[in-house]
Amino acid sequence: EGFISGLHRSPRLGFSTDFAEHRQYTPGDDIRHIDWKVYARTDRFYLKEFEADTNANFMVLLDVSQSMAFGSAGISKLEYAKFLAASLLYLSRGQRDRVGLVTFDSDIVDYVPPSAKHLEQCLHMLDRYVARGRGTLAGPLLKVSESQRRRSIVLLLSDLYEPPDAVRDALAPLRDAGHDLVVMHVLDVAELEFPFDAAATF
């Protein structure tokens, strides 16, 4: 739904290489788009219409709660998520998308709205974050869904330390608003393999 050319299929028709349909000529249409082969067969004027390519909003939602500070293999979950967020923001900006960032714990910590000029601001913000506070998904994700009027590609980076039903319910407002939602579950290797064999408190 963007305004400039990009790599995503637009909901509107435009001019690119992907043919969409023919439309009957009406006075005022640009005659450069008349399909002369169809005119030779039918003796009527038809215009070629193509799929338009456009740019998109790309929003990263980063969980900066205290549980993201855990790390047993050199880097913490938060550091890994920051590397991943920075890489994807950089690649998205390279294909002319507007990029934005939301960080949250039990509430929204910082918000950078999607813009073609906000990559450096997002990267500076990512660099200075440390994990803090208790995290929840429902409240912050609801606020994000209410603030984003244009459909976006939304990436959630979190360890999802909540019951599966609560996670699904927290994601529902974003999905119902028509966003393309991507969830990346960030876990440490120790959380996957659970190599603890001595007495411990969790």
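Calculation criteria
Residues numbered from 1 in each chain as written. Predicted model: local features only at pLDDT ≥ 70, side-chain atom pairs only at ≥ 80, totals over all residues. Heavy atoms only, no water. Helix = DSSP H or I, 4+ residues; strand = E, 2+ residues; numbered from the N terminus. Buried < 20%, exposed > 50% of the residue type's maximum accessible area, 1.4 Å probe, protein only. Contact = heavy atoms within 4.5 Å. Areas by Shrake-Rupley, 256 points an atom, 1.4 Å probe, with all protein chains shown as cover. Salt bridge = Lys/Arg side-chain N within 4 Å of Asp/Glu carboxyl O. pLDDT = per-residue confidence, 0-100. Pairing = 2+ DSSP bridges. Axes fitted to C-alpha atoms, helices over the stretch in contact; angles between N-to-C directions. Phe/Tyr/Trp six-rings, centres within 6.5 Å; stacked < 30°, edge-to-face > 60°. Arc of directions from axis to C-beta.

**Focus: the overall build of the chain**
- Helix and strand counts for the chain stand at six helices and seven strands.
- Ordered by position in the sequence, the α and β elements of the chain form the string β-α-β-β-α-β-β-α-α-β-α-β-α.
- Each of the 202 residues in the chain was classed as buried or not, and the buried ones make up 37%.
- Counting only contacts in the chain whose residues sit at least 6 apart along the sequence, the fraction spanning at least 24 positions is 73%.
- About 12,100 Å² of surface is accessible on the chain, with carbon and sulfur atoms providing 54% of the total.

**Looking at the pattern of salt bridges**
- This model, assessed by the stated rule, comprises eight salt bridges.
- With a shortest N-O distance of 3.5 Å, Asp-110 and Arg-128 are connected by a salt bridge. Highlighted residues: Asp-110 in strand β5 (residues 108-115) and Arg-128 in helix α3 (residues 119-128), separated in sequence by 18 residues.
- The exposure class assigned to Asp-110 is partly exposed, which follows from its relative accessible area of 23%.
- Several salt bridges share partner residues, and in doing so they unite Lys-77, Asp-159 and Glu-191 into one network.

**Examining the confidence of the model for the chain**
- Scored by pLDDT, the chain has a mean of 84; 87% of the residues are at 70 or more.
- Taken as a whole, residues 10-17 scores under 50 in pLDDT and shows 27 contacts with residues more than four places along the chain or in a different chain.

**What to know about unusual backbone geometry**
- Phi at Leu-160 takes a positive value of approximately 55 degrees, unusual for a residue other than glycine.
- Classification of Leu-160 as buried rests on a relative accessible area of 15%.

**A look at the sheet that holds strand β3 (residues 57-63)**
- Spatial ordering of the open sheet is given by β5-β4-β3-β6-β7, a layout of five strands whose pairing is mixed. In this open sheet, the two strands that pair with only one neighbour each are β5 and β7 (180-185). When strand polarity is set aside, the average angle formed by the axes of neighbouring strands in this sheet is 15 degrees.
- Pairing geometry for strand β4 (residues 98-104) and β5, over five bridges, is antiparallel. Bridged to Val-99 within β5 is Ser-115.
- Where helix α5 (residues 164-176) meets the sheet, it contacts β3, β6 (152-158) and β7, and its direction lies at approximately 150 degrees from that of β7.

**Let's talk about the packing of aromatic side chains**
- Applying the stated criterion across every chain yields a total of five aromatic pairs.
- Geometrically, the ring pair formed by Trp-36 and Phe-45 is edge-to-face, given 6.0 Å between the ring centres and 90 degrees between the ring planes.
- Since its relative accessible area comes to 34%, Phe-45 is described here as partly exposed.
- By way of ring pairs, the aromatic residues Tyr-25, Trp-36, Tyr-39 and Phe-45 are connected into one cluster.

**Overview of helix α4 (residues 138-147)**
- Within the sequence span of α4, burial applies to Pro-140, Leu-141, Val-144 and Ser-145. Looking down the long axis of α4, one finds its buried residues gathered within 135 degrees of arc, a one-sided arrangement.
- Looking at the buried positions of α4, the neighbouring elements they touch are β3, β4, β5, β6 and α5.

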